[in-house]
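Architecture at a glance
Here is how the chains run, residue by residue.
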Amino acid sequence: MGDVLLSEDRDGVRTLTLNRPERKNALDARLWVELADALRALKRDRDVRALVLTGAGGAFCSGADIGTGEQIHPRYKLDRLTDVALALHELAIPTIAKVTGIAVGAGWNLALGCDLVVATSESRFCQIFSKRGLSVDLGGSWLLPKIVGLQQAKRLVLLADMISADEAHALGLVTWVKPAEEIDAFVDGITKRLAGGPPFALAQSKALLNDGANATLREALANEARAQPGNFATADSGEAYAAFAAKREPEFTGAWSLYDTNEE
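Model, not experiment: these values are computed from the prediction. (Residues numbered from 1 in each chain as written. Predicted model: local features only at pLDDT ≥ 70, side-chain atom pairs only at ≥ 80, totals over all residues. Heavy atoms only, no water.)

**Focus on helix H9 (residues 217–232)**
Under the convention used in this document: Strands are runs of DSSP state E lasting at least 2 residues, helices are runs of H or I lasting at least 4, and numbering of each runs from the N terminus. By definition here, a helix of n residues has an expected span of 1.5 Å times n minus one. Remark: exposure states derive from per-residue accessible area (1.4 Å probe, protein chains only) relative to the maximum for the residue type, with buried under 20%, exposed over 50%, and partly exposed in between. Along the arc lie the directions from the helix axis toward the C-beta atoms. Throughout, a residue-residue contact means that at least one pair of heavy atoms, one from each residue, lies within 4.5 Å.
Across its 16 residues, H9 extends 23 Å between first and last C-alpha, which sits within 8% of the 22 Å expected from 1.5 Å per residue. Regarding H9, the residues found buried are Ala220, Ala227, Gly230 and Asn231. Viewed along the axis of H9, the buried residues span an arc of 95°, placing them on a single side of the element. Turned more than 90 degrees from where H9 packs its buried face, Arg218, Ala225, Arg226 and Phe232 sit exposed. For H9, the secondary structure elements touched by its buried residues are helix H8 (199–212) and helix H10 (235–246).

**What about the side chain of Thr17?**
For Thr17, the location among the structural elements is in strand S2 (residues 13–18). Beyond its immediate chain neighbours, meaning those up to four positions away, Thr17 contacts Val4, Leu5, Leu6, Thr54, Gly55 and Ala56.

**Observations concerning the sheet that holds strand S6 (residues 116–120)**
Selection rule: The rule for pairing is simple: two strands pair if DSSP sees at least two bridges between them. To get an axis, a line is fitted to the C-alpha atoms, and for a helix only the part in contact is used. The angle between two axes follows their N-to-C directions and goes from 0 to 180 degrees.
Pairing is mixed across the open sheet formed by 6 strands, whose spatial order is S1-S2-S3-S4-S6-S9. Single-partner strands in this sheet number two, and they are strand S1 (5–10) and strand S9 (176–178). Taking the axes of each pair of neighbouring strands and ignoring which way they run, one obtains an average angle of 20° across the sheet. Here S1 runs beside S2; their pairing, made up of 6 bridges, is antiparallel. Across the sheet, Asp9 pairs through a bridge with Arg14, a residue of S2.

**Details of the packing of helix H4 (residues 140–148) against helix H5 (residues 150–159)**
Our working definition: Angle categories: roughly parallel below 35 degrees, roughly antiparallel above 145, roughly perpendicular from 65 to 115, and oblique for all the rest. Crossing handedness is read from the near helix: turned anticlockwise from the far helix by less than a right angle, it gives a left-handed crossing, and turned clockwise, a right-handed one. Each residue gets one of three labels, nonpolar for Ala, Val, Leu, Ile, Met, Phe, Trp, Tyr, Cys and Pro, charged for Asp, Glu, Lys and Arg, and polar for the others, Gly among them.
Running from amino to carboxyl end, H4 crosses H5 at an angle of 130°, the nearest separation of the two axes being 7 Å. Taken together, the axes of H4 and H5 are oblique relative to one another. Remark: the crossing between H4 and H5 carries right-handed chirality. Here H4 contributes Leu144, Pro145 and Val148 to the contact with H5, which in turn contributes Leu150, Gln152, Ala153, Leu156 and Val157. Of the residues contributing to the contact of H4 with H5, the split by class is 7 nonpolar, 1 polar and no charged.

**Looking at the nonpolar core**
Selection rule: Definition used in this section: a nonpolar core is a set of buried Ala, Val, Leu, Ile, Met, Phe, Trp, Tyr and Cys residues joined via side-chain atoms within 4.5 Å.
Membership of the largest hydrophobic core comes to 47 residues, with the highest contact counts inside it found for Leu16, Leu35, Leu39, Phe60, Val99, Leu110 and Phe125. With 7 residues, helix H1 (residues 29–42) is the largest single contributor of residues to this core. Val13, Val118, Ile183 and Leu194 belong to the second largest nonpolar core, which has 10 residues in total.

Okay, structure coming up:
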């Protein structure tokens, strides 16, 4: 993997770090492509059970790097953004954005595309698009109204105000706000819990929640009824009951537990 995107695996958790600190981790053509490729590769890696997305050098991401002067049709540039947004959204594993410093424009929407967002007290957020003469992208038009409602989404996008981590937390755009010196340990603790959870059940729940946001109650209940039997077909369900009875912590693997009893 190139030096603009760093990858580290530890205890079932992959950390992807945007690594252009001299540009506050602005996403240029190379970084867009490498990030999309890295996210798609995660879909095929069964050993990784949680993802942390963060930035180097005290910033999360200052958005798309619009100062490169690349001479291609703008639609092709937007296709790169689409690739990243969809690859992140479609990951079955839990995803966490660890935000230090600023997250603006596409950088903020990249964080919002994760399942959970942890920020430091000093973090700042802005839907900066209108100040650049642009409209919202990287899924912001879909993500923001779902999280904060239509009026607040319009306020954030149309006025492009910079807001604090505390305000973002109050609006539900940040899951937790932690002091800068505590964020690494806090994220490690959350990812340890996620990586130790039942992978198939967590993936099912994540998909159900994503789909349920656009479903009727009847549709959501039908989706749940289709999903739950799959959990009983893994070893994790039995392990959970056994661990409860033995008063110990379960060890979840996601292993398929249905085998052909006639097989020798």
